[in-house]
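Take a look at the letters that make up each chain.
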Amino acid sequence: MNHNITDFDHSDDSKLEGLRMTRQRREVYDVLMSLRDHPTASEVYERAKANMPGISLATVYNCLEALVDHGAVRQVHFERESSRYCPNLTAHGHFQDEQSGTVIDVPLKKGASLGDFLDLPAGVQVNNIEINLTGKISN
Ligand SMILES: [Zn+2]
């Protein structure tokens, strides 16, 4: 995969506003934006090292945490797996192929809202919904 740094789409960088972007945070964020395959922290570390050989795994974890805390990146959890990271902030679920472990984004149907699926008790305010599906991709 080509990691050419010049052709990233930074048009939605507004989600980074207010977050102090150190060089390391920028590198970690660019890794997530360049190949949106929901990498784990170790995978992000391996990729970041290519551009920034001095970066440590601990730094990558710290950067990911800062980006997640800021709401610029989502953390994705599948059972018995390390957390994965997703820079897509639109409402979507994740599908994991059980055989390959590949994780893909599953967008909502047009006009649908996640709340439509749930009969929420009165007074409940949902701040976070995570939809994780596992199965087989046949093609
Ligand atoms: Zn995603």
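Residues numbered from 1 in each chain as written. Predicted model: local features only at pLDDT ≥ 70, side-chain atom pairs only at ≥ 80, totals over all residues.

## As for the packing of helix α1 (residues 23-34) against helix α2 (residues 41-51)
Inference 1: Between α1 and α2, whose axes approach to 9 Å, the crossing angle comes to 115°. Considering only the axes of α1 and α2, their crossing is right-handed. Where α1 approaches α2, its residues Glu27, Val28, Val31 and Leu32 are matched on the opposing element by Val44, Arg47, Ala48 and Asn51.
Inference 2: Taken together, the residues that form the contact of α1 with α2 break down as five nonpolar, one polar and two charged. (Axes fitted to C-alpha atoms, helices over the stretch in contact; angles between N-to-C directions. Helix = DSSP H or I, 4+ residues; strand = E, 2+ residues; numbered from the N terminus. Left-handed = near helix turned anticlockwise from the far one by under 90°. Contact = placed C-beta atoms within 7 Å. Nonpolar A, V, L, I, M, F, W, Y, C, P; charged D, E, K, R; others polar.)

## Let's talk about the confidence of the model for the chain
Inference 1: Per-residue pLDDT for the chain has a mean of 88; in total, 91% of the residues score no lower than 70.
Inference 2: In this model residues 1-9 is a low-confidence stretch, pLDDT under 50, and it forms seven contacts with partners more than four residues away in sequence or in other chains. (pLDDT = per-residue confidence, 0-100.)

## Quick word on the sheet that holds strand β3 (residues 92-97)
Inference 1: If you trace the three strands from one edge of the open sheet to the other, you get β4-β3-β5, paired in mixed fashion. Every interior strand has two partners, whereas the edge strands, β4 (103-107) and β5 (132-135), have only one. Averaged over all pairs of adjacent strands, the angle between their axes in this sheet comes to 30°, without regard to strand direction. (Pairing = 2+ DSSP bridges.)

## A few points about the nonpolar core
Inference 1: Of all hydrophobic cores here, the largest spans 17 residues; its most connected members are Val28, Leu32, Val44, Val60, Leu64 and Leu67.
Inference 2: Those elements giving two or more residues to this core turn out to be α1, α2 and α3 (57-70).
Inference 3: Aside from chain neighbours lying at most four places away, what touches Val44 is Val28, Val31, Leu32, Pro39, Val60, Leu64 and Tyr85. (Core = buried A, V, L, I, M, F, W, Y, C linked by C-beta atoms within 7 Å. Buried ≥ 20, exposed ≤ 12 C-beta atoms within 10 Å, placed from the backbone.)

## Side note on α3
Inference 1: Along its 14 residues, α3 runs 20 Å from first to last C-alpha, staying within 8% of the 20 Å computed at 1.5 Å per residue.
Inference 2: What α3 keeps buried is the set Val60, Cys63, Leu64 and Leu67. One side of α3 holds all its buried residues, which, seen down the axis, span an arc of 100°. Along α3, the residues that are exposed and aim more than 90 degrees away from the buried face are Ala58 and Asp69.
Inference 3: Packing partners of the buried residues in α3 comprise α1, α2 and β2 (84-86).
Inference 4: One or two steps after α3, the chain reaches Gly71, where phi turns positive at roughly 85°. (Expected span 1.5 Å × (residues − 1). Arc of directions from axis to C-beta.)

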